[in-house]
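Structural characterization, general
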Amino acid sequence: MITDDNVRHLAKLASLHLDDATVTRLRGDLESIVGYVEQLSQVDTTGVEPLFNVSGAVNVTRADVPGPLIPTPQVLALAPARNEVAILVPKVVER
Amino acid sequence: MTTTARHIAAAVNAGANPRTAVAEALAKAKADTHNAIVRTCDERALAAADAVAKRVAAGERLPLAGVPVAIKDNLNLAGIEVTAGSKILKGYVAPYTATAVERLEAAGAIIVATTNMDEFAMGSSNETSAYGPVKNPVDPTRIPGGSSGGSAAAVAAGIVPLALGSDTGGSIRQPASLTGTVGLKPTYGSVSRYGLIAYGSSLDQIGPFSTDVADSALALQVMAGKDPRDSTSADRDLGAIGNLPTTPAAALKGLRVGFVAAHEEGLAPGVRARLQEAKQRLTAAGAVLVPVTLPHERFAIAAYYIIATGEASSNLSRFDGIRYGHRTETADSLAQVYGKSRAEGFGTEVQRRIILGTYVLSTGYYDAYYKKAQQVRRKIVDDYANAFTQCDVLLGPASPTTAFKVGEKTSDPLQMYLSDIFTIATNLAGVPGISVPFGTDEQGLPVGMQLQAPIGNDQRLLAAAAGIELLSR
C-alpha cells in the first residue's frame, strides 16, 4: 500500500516539486509497477551475491595527473544565471 | 537502397569530395518529415568535410572517410546543443565531444545531425521526447521504437547510412527491428560511455544503426577500445570484426545456434512466422539448432525496472537548474530552484522513473528491491553462461510485435515496458546483441531477428549476423 504522503516524501528526496494531481497519478503508477516487480520474490536468492556491474571492476583508480580543463568562461556561459565570475543562486544565508 | 558507409568512404579515399555526400545528407536531414532529426550541424559538418578532404589529399586513408553520420541527442558534441530529448537541457551547448563520436570523427566520419529520442532514453516508442514522437519511415502512422527512434528512422529513411544510438534495455535493437535496419549493442564496456548522458550506467552501451551488418561492424571497430575517461571501458581484442563471411556456409556451417522455445509464446503471428523461417533456413545452411533455457529471463523486466530506475534516480540528480539547462522563474529559495526546475524540466515518464528509482533505493526497501534485483541479475548472468556452454550464439525475435501505432501504448506504462521483453536480459548480462532485418509481417512491417553472443564475442556475433543477413535475401 503506497500513499500520497509516501510519494510526497519520495518527491522530496528526489527534489521534485510535484502538484497534488501529479502525486496521485504517480502513486497509482508506482503501485502498479511495484506490484509487477514483486514477482522477484519468487526467485530463491539465498546466498547469491548481488551483481552490481558485469565489468567486475572495483574501485578503479588512475594516475592523478592534471589534464586539459574546460575554460571557465565556457562553463559559466552554460549557467542560466551568472555574473562575470560566478553562477548565481538565491540567497541561502540570512543576515 | 541507401549507399553504404563503406561505399562512401571508398569513393572519398579515391578522391571524391566529401562535401558532396555531406551536403546531400544535410539537405535530406532538413527535409526530414519523420521528426527523426533534432538539429543539423551544418557549419561543423562542412568544416569537418574539408578537413577530411585535406587528410585524404595528404595521403591518409580513413575507414569512414566523409561518411555522414547522425548521433542520438544524448551524445555530447562540442559546440552543438545536446538535450537528451528533454526540456531540462534546453540551451545546453556541449563543451566537449563523447569519446565514441571523437573516434568516429578521427576515422573520417562527419557528424551531420543529432536525432530525436525518448527523453533521457526512457521509452520504447520515441513518444516521451520533448520534441514529440518520431514517425516510422516504413509507415508514418506507427512508432519507430525507442529510445533511439530518431537514429533508427534516420537510417531507415536514407538520410544517413550510419547513426549512433544508446541501448540500456533494447533502445538500439528494438527500433532497428521495427524500422528494418541493423542495430548493434556491443558487449558492455566495448565502447566508452564518456560523453553519453547517463541513464543506467551499469547497462548503457553506445552502438550503431546501419543498412547492413558490415557497416555496423566497421563502426564498432572504429569506436571500440579502452578509454581512461570511462573506468568500465574494456581493453579487449575484438579480433578482425570487419572481416565478415560472404557466404551462408562460411558464416553458419556447424555454428551452434541456441533458441529458447518459450520465446515463441505470445509472439505476433508475423513475427513467429519469420522466426520459424529463420530456423529452417539456418538448418538448411548447415547450422545446428540447439534448444536452451534461460530460466530467469522472465524476471528480467522486473529486475531491470528496479536497477535502471535506481541508477537513473542517481544519475539524473545532476540536473538541478544551477549549472546548465532549464531554471525555473518562480523560485524563492534554493530548494525551490532545484524542485521546480526539475518538475518543469522533466517529462512524465522521467518523473515516474525517478520516483520509482528513489523508492527502490530508499531506507527499508533497498534490500527487498534493489539488492534482490541485483541477485536476480546474477542468476540471469548464470543462465546465459549455462546456455553458452551448449551454443555459440542465441537466436530469437528482437521484439514480440512489429511497429505499433502512435499512441497505442502510451496510457499504460507497464504495457510499454513489456515491449522490451526480448532485449532487456542482454543488458543485465552485459552480452552483445544485434537485430538484423528478416523479412516482414503480413502487413509489410519489418521483423528483426536478434542474435546474442557471450561477453567479448562481438566478432562471433557479427559473423553470425552476416550469415542471417545473407539468408534473409
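Bear in mind that the values here come from a model prediction, so they are computed numbers and not experimental data.

**Describing the overall build of chain B**
- Broken down by element type, chain B carries 16 helices and 11 strands.
- Along the longest, intermediate and shortest principal axes, the C-alpha atoms of chain B span 70 × 60 × 45 Å.
- A burial count over chain B gives 66% of its 473 residues as buried.
- On chain B, roughly 15,000 Å² of surface is accessible, and the fraction owed to carbon and sulfur atoms is 52%.
- In chain B, which carries 44 positive and 43 negative side-chain charges, the distance between the mean positions of the two groups comes to 2 Å.

**Digging into helix α1 (residues 4-13) of chain A**
- Among the residues of α1(A), A:Val7, A:Leu10 and A:Ala11 are the ones counted as buried. All buried residues of α1(A) fall inside an arc of 100° around its axis, so they share one side. Residues of α1(A) that are exposed and angled more than 90 degrees away from the buried face: A:Asp5, A:Lys12 and A:Leu13.
- The secondary structure elements touched by the buried residues of α1(A) are α2 (20-37) of chain A together with α12 (348-361) of chain B.
- Where α1(A) ends, the next residue or the one after it, A:Ser15, has phi of about 50°, a positive value.

**Considering the confidence of the model for chain A**
- Looking at chain A as a whole, its pLDDT mean stands at 93, while 99% of the residues score no less than 70.
- Here helix α3 (residues 72-78) of chain A is the element of chain A with the lowest mean pLDDT, 94, and α1(A) is the one with the highest, 97.

**Regarding the interface of chain A and chain B**
- Across the boundary between the two partners, chain A contributes 49 residues, which contact 61 residues of chain B.
- Of the roughly 4,800 Å² buried between chain A and chain B, counting both surfaces, carbon and sulfur atoms make up 72%.
- Summed over the three residues of chain A that lose the most area to chain B, namely A:Leu40, A:Leu51 and A:Leu78, the buried surface amounts to 14% of that side.
- In this structure, A:Asp29 engages B:Arg352 in a salt bridge whose closest nitrogen and oxygen atoms are separated by 2.7 Å.
- There are 16 residue pairs in polar contact (both at pLDDT 80 or more) connecting chain A and chain B.
- Sorting the residues of the side of chain A that touches chain B by element identifies α1, α2 and α3 of chain A as the ones contributing at least two each.
- Top element by residues in the side of chain A that touches chain B is α2(A). It accounts for 10 residues.

**Here we look at helix α11 (residues 334-345) of chain B**
Residues and elements named next belong to chain B.
- If you check α11, its first and last C-alpha atoms are 16 Å apart, about what 12 residues at 1.5 Å a residue would give, namely 16 Å.
- Turning to α11, its buried residues are Leu334, Val337, Gly339, Lys340, Ser341, Arg342, Ala343 and Gly345.
- Check the buried side of α11 and you find it contacts α12.

**Remarks on the nonpolar core**
- The biggest cluster of nonpolar side chains holds 91 residues, and the ones touching the most others in it are B:Leu64, B:Val112, B:Val160, B:Ile434, B:Leu451 and B:Leu462.
- Of all the elements, helix α7 (residues 213-223) of chain B adds the most residues to this core, at eight residues.
- A:Leu16, B:Phe120, B:Val260 and B:Leu356 belong to the second-largest nonpolar core, a separate cluster that totals 71 residues.

**Regarding the packing of aromatic side chains**
All names here are of chain B.
- Per the stated rule, a full pass over the model turns up 14 aromatic pairs over all chains.
- Relative to Tyr370, the ring of Tyr366 has its centre 5.4 Å away and its plane inclined at 45°; by these criteria the two rings are tilted. Of this pair, Tyr366 and Tyr370 are both found in helix α13 (residues 366-390), four residues apart, which corresponds to roughly one turn of the helix.
- For Tyr366, a relative accessible area of 32% gives the class partly exposed.
- Ring-pair connections join several aromatic residues into one group, and the members of that group are Tyr92, Phe120, Phe319, Tyr324 and Phe346.
- Its end group placed over the ring of Phe404, Lys409 keeps NZ or CZ at 4.2 Å from the ring centre.

**Quick notes on a nonpolar patch on the surface**
- A cluster of nonpolar side chains, namely A:Phe52, B:Leu361 and B:Tyr366, defines an oily patch on the protein surface of about 230 Å² accessible area.
- Within the secondary structure, B:Leu361 is located in helix α12.
- Judged by relative accessible area, which is 31%, B:Leu361 ranks as partly exposed.

**Some remarks on the environment of B:Val213**
All names here are of chain B.
- Within the secondary structure, Val213 sits in helix α7.
- A relative accessible area of 0% means that Val213 is categorised as buried.
- Between the alpha carbons of Val213 and Phe319 there is a distance of 37 Å; along the sequence they are 106 residues apart.

**A short note on the pattern of salt bridges**
Residues and elements named next belong to chain B.
- One pass over the structure, following the stated rule, counts 27 salt bridges over all chains.
- For Glu277, the salt bridge identified is with Arg281, shortest N-O distance 2.5 Å. Separated by four residues within a single helix, Glu277 and Arg281 lie in helix α9 (residues 269-284), roughly one turn from each other.
- Owing to a relative accessible area of 31%, Arg281 belongs among the partly exposed residues under this scheme.
- The shortest N-O distance in the salt bridge between Arg473 and Glu469 comes to 3.8 Å.
- By relative accessible area, which is 11% here, Glu469 ends up buried.

What counts, and at which threshold
- Residues numbered from 1 in each chain as written.
- Chains lettered and ligands numbered in written order.
- Predicted model: local features only at pLDDT ≥ 70, side-chain atom pairs only at ≥ 80, totals over all residues.
- Heavy atoms only, no water.
- Helix = DSSP H or I, 4+ residues; strand = E, 2+ residues; numbered from the N terminus.
- Buried < 20%, exposed > 50% of the residue type's maximum accessible area, 1.4 Å probe, protein only.
- Areas by Shrake-Rupley, 256 points an atom, 1.4 Å probe, with all protein chains shown as cover.
- Lys, Arg positive; Asp, Glu negative; His and termini not counted.
- Charge placed at Lys NZ, Arg CZ, Asp CG, Glu CD.
- Arc of directions from axis to C-beta.
- Contact = heavy atoms within 4.5 Å.
- pLDDT = per-residue confidence, 0-100.
- Buried area = accessible area lost by both parts, 1.4 Å probe.
- Salt bridge = Lys/Arg side-chain N within 4 Å of Asp/Glu carboxyl O.
- Polar contact = N/O pair within 3.5 Å; in protein donor to acceptor, adjacent residues only side chain to side chain.
- Expected span 1.5 Å × (residues − 1).
- Core = buried A, V, L, I, M, F, W, Y, C linked by side-chain atoms within 4.5 Å.
- Phe/Tyr/Trp six-rings, centres within 6.5 Å; stacked < 30°, edge-to-face > 60°.
- Lys NZ or Arg CZ within 6 Å of the ring centre and 35° of its normal.
- Patch = residues over 30% accessible without salt bridge, like charges linked within 9 Å, V, L, I, M, F, W, Y side chains within 5 Å.

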